[in-house]
Amino acid sequence: MIGGPQRPPPQNDSGFRVNQQIRSVQIRLIDKDGEMIGVVTLSEGLRRADEVGLDLVEISPNAEPPVCKILDFGKFKYEMQKKAAEARKKQKVVELKELKIRPATDEHDYQVKHRAARRFLEDGNKVKFAMRFRGREMENKAAAFAMFDRIKADLADLGKVEQEPRQEGRQMHMIIGSSQQNN
């Protein structure tokens, strides 16, 4: 490079091409202030970046010609990491809450489970209803399906069934997902 102290090459594990990693012969250059310079050769872009002591970073590699910007790559990477962390912080992690019921659950117990399920669905979580059969309860699966149908009908305003009732051994499961998950 021409004149001045040499800057060490920046560490690049971000997917952006920097300085000598840029492969295109011509680039569309944006200076450090965000001003559009226009289409120049790669060597001209590297020279201008070197003059101000910054890096030439390929921002949009798929454009024709690729868009490159003169900036401090370390600061650019730091700001990208901050944006990614902020985006992760705003994401809602959907949890799967499990409620256990029995084929012969009394009305009051059913209402308690129903209120808990409504609360979970309003918070944007999924609810898994697990029905456990004991002894001869396995013979009366109609009561179990009737209970699941009642649950589906009672919670239809807050969520939709993601997994219909299915039996696995001595248990039967059904999953209802919140309709607020996509909001």
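Structure report, in brief. Just so we're clear, the structure is a prediction, and the values are computed from it rather than from any experiment.

### Quick word on the overall build of the chain
Moving on, step 1. Counting secondary structure elements, the chain contains four helices and eight strands.
Moving on, step 2. Traced from its N-terminal end to its C-terminal end, the chain shows the element sequence β-β-α-β-β-α-β-α-β-α-β-β.
Moving on, step 3. Its C-alpha atoms give the chain a radius of gyration of 30 Å, more than 25% over the compact-globule value 16 Å for 183 residues.
Moving on, step 4. Across its three principal axes, the chain shows a C-alpha extent of roughly 90 × 30 × 30 Å.

### Re the environment of Phe-76
Moving on, step 1. If you trace the backbone, Phe-76 turns up in helix H2 (residues 73-90).
Moving on, step 2. Note on Phe-76: relative accessible area 16%, which makes it buried.
Moving on, step 3. Sequence separation between Phe-76 and Val-57 is 19 residues, and the spatial gap between their C-alpha atoms is 9.4 Å.
Moving on, step 4. Those residues within four positions of Phe-76 in sequence are excluded, and the remaining contacts are Phe-16, Val-57, Ile-59 and Leu-71.

### A short note on the pairing of strand E5 (residues 96-101)
Moving on, step 1. With six bridges joining them, E5 and strand E6 (residues 126-132) adopt parallel strand pairing. Within E6, the residue paired with Leu-96 across the bridge is Lys-126.
Moving on, step 2. Since E5 and E6 lie parallel, the crossover through helix H3 (residues 107-122) that links them has a hand, and here it is right-handed.

### A closer look at the packing of aromatic side chains
Moving on, step 1. This model, assessed by the stated rule, comprises two aromatic pairs.
Moving on, step 2. Geometrically, the ring pair formed by Phe-16 and Phe-76 is edge-to-face, given 5.0 Å between the ring centres and 75 degrees between the ring planes. Remark: Phe-76 occurs in helix H2 and Phe-16 occurs in the segment before strand E1 (26-30); sequence separation between them is 60 residues. The same class applies to Phe-16 and to Phe-76, which are both buried.
Moving on, step 3. Ring centres 6.2 Å apart and planes at 35 degrees place the aromatic pair Phe-73 and Phe-76 in the tilted group. One end of the pair, Phe-73, and the other, Phe-76, are both in helix H2, three residues apart, so they sit about a helical turn from each other.

### Concerning the pattern of salt bridges
Moving on, step 1. Here the structure, examined in full by the defined rule, presents 15 salt bridges.
Moving on, step 2. Residue Glu-58 is joined to Arg-17 by a salt bridge in which the shortest nitrogen-to-oxygen separation is 2.9 Å. Pair noted here: Glu-58 is in strand E3 (residues 55-60) and Arg-17 is in the segment before E1, with a separation of 41 residues, a long-range link.
Moving on, step 3. On the basis of relative accessibility, which here comes to 3%, the residue Glu-58 falls in the buried class.
Moving on, step 4. Note on Arg-17: relative accessible area 28%, which makes it partly exposed.
Moving on, step 5. Salt-bridge contacts for Lys-152 lead to Asp-149; the nearest nitrogen and oxygen are separated by 3.6 Å. Placement of the pair is Lys-152 and Asp-149 together in helix H4 (residues 141-154), with a separation of three residues, close to one helical turn.
Moving on, step 6. Overall, Lys-152 belongs to the partly exposed group, its relative accessible area being 23%.
Moving on, step 7. The partly exposed category is assigned to Asp-149, whose relative accessible area is 44%.

Rules and cut-offs
Residues numbered from 1 in each chain as written. Predicted model: local features only at pLDDT ≥ 70, side-chain atom pairs only at ≥ 80, totals over all residues. Heavy atoms only, no water. Helix = DSSP H or I, 4+ residues; strand = E, 2+ residues; numbered from the N terminus. Rg over C-alpha atoms; globule rule 2.2 N^0.38 Å. Buried < 20%, exposed > 50% of the residue type's maximum accessible area, 1.4 Å probe, protein only. Contact = heavy atoms within 4.5 Å. Pairing = 2+ DSSP bridges. Right-handed = clockwise from strand over helix to strand, strands pointing away. Phe/Tyr/Trp six-rings, centres within 6.5 Å; stacked < 30°, edge-to-face > 60°. Salt bridge = Lys/Arg side-chain N within 4 Å of Asp/Glu carboxyl O.

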